[in-house]
Amino acid sequence: MEHEEIALSDREFERVKQRVYAQAGISLSDAKRTLVVSRLGKIVRQHGLSSIDAYLDFLEHSAGADEAQRFVNALTTNLTRFYREDHHFAHLADHVGQIVSARRGARPRLRIWSAGCSTGQEPYSITMSLMARFPELKKWDFLVLATDIDTSVVERARTGIYPVSELSGLNAERAALFEKLADGRIQVPEVARERVVFKPLNLMDAWPMKGPFDAIFCRNVAIYFDKPTQTRLFGRLGEMLAPDGYLYIGHSENLGGRVSNFKLVGQTIYRRDATSGSRTAA
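The rules behind each value
- Residues numbered from 1 in each chain as written.
- Predicted model: local features only at pLDDT ≥ 70, side-chain atom pairs only at ≥ 80, totals over all residues.
- Heavy atoms only, no water.
- Axes fitted to C-alpha atoms, helices over the stretch in contact; angles between N-to-C directions.
- Helix = DSSP H or I, 4+ residues; strand = E, 2+ residues; numbered from the N terminus.
- Parallel < 35°, antiparallel > 145°, perpendicular 65-115°, else oblique.
- Left-handed = near helix turned anticlockwise from the far one by under 90°.
- Contact = heavy atoms within 4.5 Å.
- Nonpolar A, V, L, I, M, F, W, Y, C, P; charged D, E, K, R; others polar.
- Core = buried A, V, L, I, M, F, W, Y, C linked by side-chain atoms within 4.5 Å.
- Buried < 20%, exposed > 50% of the residue type's maximum accessible area, 1.4 Å probe, protein only.
- Salt bridge = Lys/Arg side-chain N within 4 Å of Asp/Glu carboxyl O.
- Pairing = 2+ DSSP bridges.

This paragraph deals with the packing of helix α3 (residues 52–61) against helix α4 (residues 65–75). For the pair α3 and α4, the least separation of the axes is 9 Å and the interaxial angle reads 135 degrees. Overall, the two elements α3 and α4 adopt an arrangement that is oblique. The element α3 and its partner α4 pack so that their crossing is left-handed. On the side of α3, the interface is formed by Tyr-55, Leu-56, Phe-58 and Leu-59, while α4 contributes Glu-67, Ala-68 and Phe-71. In the contact of α3 with α4, the residues fall into 6 nonpolar, no polar and 1 charged.

Ranked by internal contacts, the top residues of the largest apolar core, which has 47 residues, are Leu-40, Phe-71, Trp-113 and Leu-247. For this core, the elements supplying multiple residues, two or more each, are α1 (10–24), α2 (33–46), α3, α4, β1 (109–115), β7 (213–218), α10 (227–240) and β8 (241–249). In terms of residues, this core owes the most to one element, α2, which gives 6 residues. Ignoring sequence-local partners within four residues, the contact set of Leu-40 consists of Val-16, Leu-35, Ile-52, Tyr-55, Phe-71, Ala-74 and Leu-75. Counting residues in hydrophobic clusters, the runner-up holds 39 residues, among them Ala-93, Ile-112, Ala-157 and Tyr-162.

What follows deals with unusual backbone geometry. The omega angle of the peptide bond from Gly-211 to Pro-212 is 0 degrees, so this bond is cis rather than trans. You will see that Asn-220, though not glycine, has its phi angle at about 60 degrees, which is positive. Judged by relative accessible area, Asn-220 falls into the buried class, the value being 16%. Located in the positive-phi region is Thr-268, a residue other than glycine, with phi close to 55 degrees. Position of Thr-268 relative to the elements: it lies in the loop between β9 (262–266) and β10 (269–272). Its relative accessible area of 10% is what places Thr-268 among the buried residues.

A separate point is the pattern of salt bridges. Here the structure, examined in full by the defined rule, presents 16 salt bridges. Between Arg-15 and Asp-57 there is a salt bridge; the shortest N-O distance is 3.0 Å. Residue Arg-15 is found in helix α1, and its partner Asp-57 is found in helix α3; the two are separated by 42 residues along the sequence. Salt bridges sharing common partners tie together Arg-11, Arg-15, Asp-53, Asp-57 and Glu-60.

In spatial order, the strands read β3-β5-β4; together these 3 strands make up an open sheet with antiparallel pairing. The strands lining the two open edges of the sheet, one partner per strand, are β3 (161–162) and β4 (179–180). For β3 and strand β5 (residues 186–187), the ladder comprises 2 bridges, and the chain directions are antiparallel. Bridge pairing in β5 places Tyr-162 opposite Ile-186.

Printed below as a string of structure tokens:
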């Protein structure tokens, strides 16, 4: 059985879709059947079970929270790279430049959220790019919250260690920001790592943080949700933004006029409408 492909009936696939939607809000299309067979098949074999049906029964009646999380981890996809969608980082730098000019005090506050941070390239790109351009942020109360539903990638992201191949496509200035390790890998510098707080978070659950955030990156996350779930998510994100804060989404995503508290201001860049109210700091 070790090398045999696990069968997936239409009924089993429907059970998988219903469970992952209920647990994580993920809407699986029929195009994901092969992914389900490949990823869940490995877990089925590891448990010595005979079918995906048997595994789902196990999840429903015997498994604990860790196994339920493993199910979700197996069905999420983590594709990312440093400085992906470069125009977002250029826009963010301009936005933060205005904040730096406007905010005064002993230790001004700056908060950014990377929702769906995957293996960490996005939040680290945020901290490295901003701290390279605005050295004064070292003295600020500046943090990037990085969350993902996949607990395994959150643990990997915390290390800030990556293969040297991650430098491919970066210009010399950006590549120079990384530390070179003795084993040939690279690491995000400590000054940038210490500004990122990684937490596991299911976006369908209650959110423990209160905000407000000056910017939120939620890119290539909503594509896994159906339209009603997307609308609810974007509405909640808008409530977490500071007045005139910005939301950055993926290149294939859009709010489509479904969320009233945002205005499109650039390519997949939305500004919160300041007239929609404000939030107090956490």
